[in-house]
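Structural description and commentary
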Amino acid sequence: MRSRFVAVALSLGLACPACSSLASGGSHVPSPASTASSPAGTSAAATVGAGSVAAPRSCPAQVFARMTEAQRIGQLFLVGFEGDPVSEVARTEAAYHFGSWLFTANGTAGVAGIGQVTRAIQGLASSRATGKVRFLVAANQEGGEVQALRGPGFQAMPSALVQGRLPAATLQRRAETWGRELRAAGVNLDLAPVMDVVAPGTASQNQPIGALQREFGDNPDTVATHGVAFVRGMREAGIATAVKHFPGLGRVRGNTDFTAGVVDTVTGPDDRYLRSYRAAVDAGVPFVMVALATYTRIDPRHLAVFSSRVMRVLLRQQLRFTGVIVSDDLGAAAAVAGISPAARAIGFLAAGGDLITSQSLAAATAMDVAVMRRAAANSAFRTAVNSAVMRVLDAKQAYGLLPCSRR
């Protein structure tokens, strides 16, 4: 996710008394294996005696079945605020039904001020807008230079490099505290931690990670141990996390936010620098964010976000990740500026991605229209879209965001 944030004033003073508080706790997102091929249908029949009785549909399947096609596709978007967040969400939801929203700007209003915004946003999760599915509300809360939310009630988080020098148990406790601050502010998804490993002695040359001290250390074991501690601490606070930027930006020079053509010529499918991601997957992280770089030893022809080798083969099959694959910013990043928004969205979903991040609202609306049209015209793509929707709904159920959830 972008390491640069543009300061904007947050809209305050709007509240939603009808909104319930965020559900506590977190868990590994279950694989939607029984719903992937027929998301709106019932699960496999259970044999009872001489006959069979269809098992009741899961909560996500029930929700899916009630949603319109536009509402389903809206669940595939995590969209950044570009102005007044509350009025922007209210205006956009009527037309595009987006399911998740992201604080992209630095906010200094503190827990109380951010909480007013998030409560008002959750109040917009109506039957007409989202089928009553509540929103993932996300922020980049890593620490150091990348801490989007500050002010009263938010501690100043040290950089990941400093966090990596703490005992893992201490970091887990501190991450739980930071997570409780997010939860109090109504933020339920932290686009962190960074699990990229920066090679020893190269930090100053590594613009996206090392130069900003976003790494926990320069070896896979340190990054794995501390990244998992961060994930577990946030989970204890009821906050979902998205580890990033798979399969790693620790060996590149350019920052994909500002530079096109960023290439990693070192990382391969069996690279030891992938251990940190494997550890996070084994620990049950619910989201993995995929990078906008090209990895020549894995798939030299595609950016990772458009590569089925990266997402389906390496992440799904080799690392056995069953949660939500989320893109790095496909809206405003320089790495994809030469590709049309329609091609970005369709390419990501067709290659195995689930949740499209766009820090540009204009790009997100164009992507939504393109996905709607392609899904209507292509049955194979529609099947992929439906499976992605189910994974997002499964993740939301784990955090109490579905109308039939019981926490």
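Scroll up a little and you will see the structure.
Just so it is clear, the model here is predicted, and its values are computed rather than measured.

1. Observations regarding helix 3 (residues 85-96)
An ideal rise of 1.5 Å per residue puts 16 Å on twelve residues; helix 3 measures up with 15 Å between its terminal C-alpha atoms. Phi for His97, located one or two positions after helix 3, is positive at around 60°.

2. Some remarks on the packing of helix 12 (residues 361-377) against helix 13 (residues 379-398)
At their nearest, the axes of helix 12 and helix 13 sit 6 Å apart, and the two run at 120° to each other. Taken together, the axes of helix 12 and helix 13 lie oblique to each other. When you trace helix 12 past helix 13, the crossing you get is left-handed. Residues Val371, Arg374, Ala375, Ala376 and Ala377 of helix 12 pack against Ser379, Phe381, Arg382 and Val385 of helix 13.

3. With respect to the pairing of strand 3 (residues 77-80)
Side-chain alternation along strand 3 places Phe77 and Val79 on one buried face and Leu78 and Gly80 on a second face that is also buried. Judged from the three bridges that link them, strand 3 and strand 15 (residues 356-358) form a sheet pairing that is parallel. Looking across to strand 15, one finds that Val79 is bridged to Ser358. In this structure, strand 3 lies alongside strand 4 (residues 100-103), joined through three bridges in parallel fashion. Within strand 4, the position partnered with Gly80 by the bridge is Leu102.

4. What to know about the packing of helix 8 (residues 220-236) against helix 9 (residues 275-282)
In the contact formed by helix 8 and helix 9, the axes pass within 8 Å of each other and the chain directions differ by 25°. One way to sum up the angle between helix 8 and helix 9 is to call them roughly parallel. Judged by the sense of rotation from one axis to the other, the crossing of helix 8 with helix 9 is right-handed. Residues Pro220, Asp221, Val223, Ala224 and Val228 of helix 8 form the contact with helix 9, whose own contacting residues are Arg275, Ser276, Ala279 and Ala280. By residue class, the composition of the contact of helix 8 with helix 9 is six nonpolar, one polar and two charged.

5. Re the sheet that holds strand 10 (residues 263-264)
Each strand in a sheet pairs with another by means of backbone hydrogen bonds, the pair being arranged parallel or else antiparallel. Spatial ordering of the open sheet is given by 10-12-13, a layout of three strands whose pairing is mixed. Two strands bound the open sheet, and with one partner strand each, they are strand 10 and strand 13 (299-303). Note that strand 10 and strand 12 (residues 294-295) share two bridges and pair parallel. Considered in strand 12, the bridge of Asp264 is made with Tyr295.

6. Quick word on the sheet that holds strand 15
With parallel pairing, the eight strands of this open sheet are ordered in space as 14-11-9-8-5-4-3-15. Both edges of this open sheet fall to strand 14 (324-327) and strand 15, since each of them pairs with a single strand only. Sitting on the sheet, helix 12 touches strand 3, strand 4 and strand 15, and the angle it makes with strand 3 is about 160°.

7. Observations regarding the environment of Asn206
One can find Asn206 in the loop between strand 8 (189-190) and helix 8. Separated by 49 residues in the primary sequence, Asn206 and Asn255 place their C-alpha atoms 8.1 Å from one another. Asn206 has contacts with Val198, Ala211, Leu249, Gly250, Arg251, Val252 and Arg253, leaving out every residue within four places of it along the chain. Within the structure, Asn206 has its side chain in polar contact with the backbone oxygen of Leu249 (distance 2.8 Å).

8. Regarding the pairing of strand 11 (residues 287-290)
Alternating positions in strand 11 separate into two faces, Phe287 and Met289 on one and Val288 and Val290 on the other, with burial throughout. Where strand 11 and strand 14 come together, four bridges link them in parallel fashion. From the neighbouring strand, Val288 faces strand 14, where its bridge partner is Ile325.

9. Digging into the pattern of salt bridges
Applying the stated rule across the entire model yields eight salt bridges. For the salt bridge of Glu142 with Lys244, the shortest nitrogen-to-oxygen distance reads 2.8 Å. Here the residue Glu142 occupies a position in strand 6 (residues 141-143), and Lys244 occupies one in strand 9 (residues 240-246), the gap between them amounting to 102 residues. Residue Glu142 is classed as buried on the basis of its relative accessible area, which comes to 6%. In this structure, Asp354 and Arg391 form a salt bridge, with 2.9 Å as the shortest nitrogen-oxygen distance. Taken as a pair, Asp354 in the loop between helix 11 (341-350) and strand 15 and Arg391 in helix 13 lie far apart in primary sequence, 37 residues in all.

Conventions used here
- Residues numbered from 1 in each chain as written.
- Predicted model: local features only at pLDDT ≥ 70, side-chain atom pairs only at ≥ 80, totals over all residues.
- Heavy atoms only, no water.
- Helix = DSSP H or I, 4+ residues; strand = E, 2+ residues; numbered from the N terminus.
- Expected span 1.5 Å × (residues − 1).
- Axes fitted to C-alpha atoms, helices over the stretch in contact; angles between N-to-C directions.
- Parallel < 35°, antiparallel > 145°, perpendicular 65-115°, else oblique.
- Left-handed = near helix turned anticlockwise from the far one by under 90°.
- Contact = heavy atoms within 4.5 Å.
- Buried < 20%, exposed > 50% of the residue type's maximum accessible area, 1.4 Å probe, protein only.
- Pairing = 2+ DSSP bridges.
- Nonpolar A, V, L, I, M, F, W, Y, C, P; charged D, E, K, R; others polar.
- Polar contact = N/O pair within 3.5 Å; in protein donor to acceptor, adjacent residues only side chain to side chain.
- Salt bridge = Lys/Arg side-chain N within 4 Å of Asp/Glu carboxyl O.

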